[in-house]
Amino acid sequence: MSAVPVSPAAALASPVSAPPSGEATARIGTAPPGTAAPDGDSWGGDGAGARAGAEEAWSGADPDTRIDAPDDGGGEPGAADSGGPEGVPGGEDPSADAADTDGPVAEASPDTVLPAPAGPAAGAATALRAPTMLAPIVPRDGAAKPAAGGVPGAGGPPPGSEAAESAAEPADNLPDPEQVLAAYEWRFHHETLRELVENPEELREIRDRLSEKLEPATDNRARARLLSLRAVVSRILGDLGKALSDGKLALAHAEATGELRRIAIAQARLAHVLQWRGDFAEADQLFEEANSSELPDRLRATMHEHAGRSSYDQGRYIEACNHFERALELRKVEDPGLIARTELALDAVFNKVAENGWGPYPRSKDEILQIHRPPAPAFHDRVQRWGYTNAESEFVVPPEYADVQPFRDQVAWVRRPEAQTWELIDEEGQQLITASAGYLGVGSFSDGLAWVSRDGNGSWIAIDKSGRIVISEGFDDVRPFRRGIAAVRKGGWGAVDKTGKVVLPTRFSGFATALTDGRYVDGFTDEGLAIVDGGGRKGVVDKAGRLIVPPVHPAVVIHPVAFLIGNGNGKWGALDRRGEPLIDPVHPSRGDVMDEIDRLLADTKPVL
């Protein structure tokens, strides 16, 4: 096989020969026969009813979304979305025209050539000296044509969906850049595990088209999607400065939507840019933060795959293998593309291990996230009082309290022997709120607020760390704030935001939020959903107060892309994220329903 053309920058660094014939080719966005989902992903299933139900699920609040190809703009229902992030009035940002067509890369620079990692984790140093532009991205035949829209079996998204809007052909009859990206087949270099690029001008044209779509976009969802996609293209082109700017702005817009999935995708795309720049600590932290257990397994699998590549770049080969293994476990259904990419990655890992050894021992999640460990409560036997100790079991806050609570949000409630009320201290033991405030009942701080009560039984109000009353309404019972929302009871259960505004009327019997991973959440999930109890029947609400599923089901469990429902007679089915029927309640267990959902999603391939 002849040598693969490389850019002049590559020649200045470390020339790379063509990958062997066994290199991985990942299908992205191809639509096999059958009903297509947004972004070109097709649902499995044989019957028309299964496909129709799957279309309903796909077009709901939590559709599958690529990380390296267009997402469909779907988000959690009821999410607010106006204006831009702070410092970007009206959704405008200074990089909106940053994608001017560039000439061919002619020389190595800090933006196109990564430094070799230093220290013991430098096993991949040789591969990383090559810049990002290596060899071809190969479009499939007809990839530049937009998919037919909305016709079952035609390969297009359902009409009226946000995916259909992004797939609409522009007035100038040029192909939509998001759909063109979705139709590419990516190849990866056998040693660097990075996309191969031969025709940078084609990608620059796509980037220019993304910029044209970005200019009139004013809502946070669209700007988050388009900016992060432009960051993807710039990264692959080796323009890492532009990619970093777009990635950061995309994350700001995504965070303004408050949608978990959209934020996670923006985080992962930005992490990929940081990885290529060699900013591994920040990249790994973003990959870890993005990979929430509330996301669809197929999306989490993709994130693990690329977190593994970041570990590979650092010479952390045990950690890389752990990520690749986890990706395969999460994907569950047969995925030839993922298997091929994993085999390619493992071959590269074992070649590096043969040269450099396995590298550092795998890090824990807390180490990757660089989570600060606050002092821990400890009882002093001699003085018979409570204090706080550090990791070396040394008292850093003196043992002088009759009762203490763990540190949360950098503060903790403590009670002195002579007092019945609580005071608030920081991690150095400095007093922030005195016992004279008169709080007999206190809750831990979360999101900067804590619930307190002067009688310890009711009339709960919310205060900040200075003691200022933020929510003066007295509630009978409360739960901690979670992503800006707290469950409260006054007669019945409802919810308020951090200003005290009622977002869910207090008319339910309680919250019973169960997730398919086995967790129970006291209120709302990170995604902004909660299961409410209305007289013994369960339903689903979102953090905007919208009733998605009326409380008519004996049992409900939140799935990453659906809602599992039990009929009370041992049979389970599923609703889509709009509350419409997806799978009839005829299965004997929740696991069987989850397997059926995985089967419906068999052809979906989110790719970073």
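Owing to the predicted nature of the structure, the values given are computational and were not obtained by experimental measurement.

Cut-offs and rules
Residues numbered from 1 in each chain as written. Predicted model: local features only at pLDDT ≥ 70, side-chain atom pairs only at ≥ 80, totals over all residues. Heavy atoms only, no water. Phe/Tyr/Trp six-rings, centres within 6.5 Å; stacked < 30°, edge-to-face > 60°. Helix = DSSP H or I, 4+ residues; strand = E, 2+ residues; numbered from the N terminus. Buried < 20%, exposed > 50% of the residue type's maximum accessible area, 1.4 Å probe, protein only. Lys NZ or Arg CZ within 6 Å of the ring centre and 35° of its normal. Core = buried A, V, L, I, M, F, W, Y, C linked by side-chain atoms within 4.5 Å. Contact = heavy atoms within 4.5 Å. Pairing = 2+ DSSP bridges. Axes fitted to C-alpha atoms, helices over the stretch in contact; angles between N-to-C directions. Parallel < 35°, antiparallel > 145°, perpendicular 65-115°, else oblique. Left-handed = near helix turned anticlockwise from the far one by under 90°. Nonpolar A, V, L, I, M, F, W, Y, C, P; charged D, E, K, R; others polar. pLDDT = per-residue confidence, 0-100.

Trainee: I tried to follow the packing of aromatic side chains on my own but got confused; where do I start?
Mentor: Given two aromatic rings, one states the distance between the centres and the angle between the planes to describe the pair. Tallied over the full model, the rule gives nine aromatic pairs. Summarising the aromatic geometry, the rings of Trp451 and Phe481 are spaced 5.4 Å apart at their centres and angled 5° between planes, so their arrangement reads as stacked. Of this pair, Trp451 sits in strand S12 (residues 450–453) while Phe481 sits in the loop between strand S15 (477–478) and strand S16 (485–490); the two residues are 30 residues apart in sequence, bridging distant segments of the chain. Here Trp451 falls in the buried class, since its relative accessible area comes to 4%. Three or more aromatic residues joined by ring pairs make a cluster, and in this case those are Trp451, Phe475 and Phe481. A cation sits over an aromatic face here: Arg590 above Trp572, 5.8 Å from the ring centre.

Trainee: Please clarify how the nonpolar core should be interpreted in this entry.
Mentor: For soluble globular proteins, nonpolar side chains are generally found buried alongside one another. Grouped together as the largest cluster of nonpolar side chains are 32 residues, with contacts concentrated most on Leu181, Leu203, Ile206, Leu210, Val233, Tyr312 and Val349. At the level of elements, helix H5 (177–182), strand S3 (184–187), helix H6 (200–214), helix H7 (220–237), helix H8 (240–257), helix H12 (317–331) and helix H13 (336–356) are the ones that each hand at least two residues to this core. Examining the composition of this core, we find that eight residues originate from one element, H7, more than from any other. Sequence-distant contacts of Val349, defined by excluding residues within four places in its chain, comprise Tyr312, Tyr317, Cys321, Phe324 and Trp358.

Trainee: I would appreciate a short explanation of the sheet that holds strand S19 (residues 510–511) in the present structure.
Mentor: Strand-to-strand pairing in sheets goes through backbone hydrogen bonds, with the strands running parallel or antiparallel. A sheet is described by the order of its strands in space; here four strands give the open sequence S19-S22-S23-S24, paired in antiparallel fashion. Because the sheet does not close on itself, it has two edges, and the strands there are S19 and strand S24 (547–553). The sheet contact formed by strand S22 (residues 529–534) and strand S23 (residues 537–542) spans six bridges and is antiparallel. The residue bridging Ala530 from the neighbouring strand is Val541, located in S23.

Trainee: Just to check I follow, could you spell out the pairing of strand S8 (residues 411–415) for this structure?
Mentor: The buried fraction of S8 is high, at five of five residues. By the bridge criterion, two bridges tie strand S7 (residues 403–404) to S8 in an arrangement that is antiparallel. Across the sheet, Asp403 pairs through a bridge with Arg415, a residue of S8. Taking the residues that link successive antiparallel strands as the turn, the S7-S8 hairpin has six residues, and the phi of Asp409 there is positive, at about 60°. Pairing of S8 with strand S9 (residues 423–426), which is carried by four bridges, proceeds in the antiparallel orientation. Note that in S9 the partner of Ala412 across the bridge is Ile425.

Trainee: Would you mind going over the environment of Glu394 with me for this structure?
Mentor: Note that Glu394 resides in the loop between strand S5 (385–389) and strand S6 (395–401). Taking the C-alpha atoms as reference points, Glu394 and Ala378, 16 residues apart in sequence, are found 9.6 Å from one another. Not counting residues up to four positions away in its chain, the partners in contact with Glu394 are Tyr388 and Thr389.

Trainee: Could you clarify how one ought to interpret the packing of helix H9 (residues 260–277) against helix H10 (residues 280–290) in this entry?
Mentor: Helix packing for two helices is described by the angle between their axes and how far apart those axes are. Between H9 and H10, the shortest axis-to-axis distance is 8 Å and the interhelical angle comes to 160°. Of the possible angle classes, the one that applies to H9 and H10 is roughly antiparallel. Judged by the twist between their axes, the crossing of H9 over H10 is left-handed. In contact with Ala264, Gln267, Ala268, Leu270, Ala271, His272, Leu274 and Gln275 of H9, H10 contributes Phe280, Glu282, Ala283, Leu286, Phe287, Glu289 and Ala290. Here the contact of H9 with H10 is composed, by residue class, of ten nonpolar, three polar and two charged.

Trainee: Even after reading the chapter, I still don't get the environment of Ile548, so can you show me in this structure?
Mentor: When you line up the elements, Ile548 lands in strand S24. Here Ile548 falls in the buried class, since its relative accessible area comes to 6%.

Trainee: Before we go on, may I ask you to explain the confidence of the model for the protein chain in this structure?
Mentor: The predicted coordinates ought not to be read in detail in places where the model reports low pLDDT. Chain-level statistics for the protein chain give a pLDDT mean of 77 and a share of 70% at 70 or above. Here residues 1–67 is modelled with pLDDT under 50, and outside its nearest four sequence neighbours on either side it reaches 202 contacts, counting other chains as well. Within the model, pLDDT remains below 50 along residues 86–165, and this stretch shows 211 contacts once partners closer than five positions in the same chain are excluded.

Trainee: I would appreciate a short explanation of the side chain of Ser310 in the present structure.
Mentor: Along the chain, Ser310 turns up in helix H11 (residues 297–313). The residues touching Ser310, leaving out its near neighbours within four places in the chain, are Gln275, Phe280, Asp284 and Phe287.

Trainee: I would appreciate a short explanation of the sheet that holds strand S18 (residues 502–508) in the present structure.
Mentor: The four strands are arranged S15-S16-S17-S18 in an open sheet whose pairing can be described as antiparallel. If you trace the sheet from one side to the other, it starts and ends with S15 and S18, each paired once. Where strand S17 (residues 492–497) and S18 come together, three bridges link them in antiparallel fashion. Bridge assignment links Trp493 to a residue of S18, and that residue is Phe508.

Trainee: How should I be thinking about the environment of Glu527 in this particular structure?
Mentor: By the secondary structure assignment, Glu527 is in the loop between strand S21 (520–521) and S22. Residue classification places Glu527 among the buried positions, given a relative accessible area of 7%. Between the C-alpha atom of Glu527 and that of Gly258, which follows or precedes it by 269 residues, the distance is 8.4 Å.

Trainee: Help me understand unusual backbone geometry in this model?
Mentor: Residues apart from glycine generally show negative phi values, whereas peptide bonds are mostly found in trans. Phi angles above zero are rare outside glycine, and Asp409 is one such case at about 60°. Residue position: Asp409 is located in the loop between S7 and S8. The partly exposed category is assigned to Asp409, whose relative accessible area is 28%. Phi angles above zero are rare outside glycine, and Ser459 is one such case at about 55°. With respect to the helices and strands, the residue Ser459 is situated in the loop between S12 and strand S13 (460–463). A relative accessible area of 48% means that Ser459 is categorised as partly exposed.

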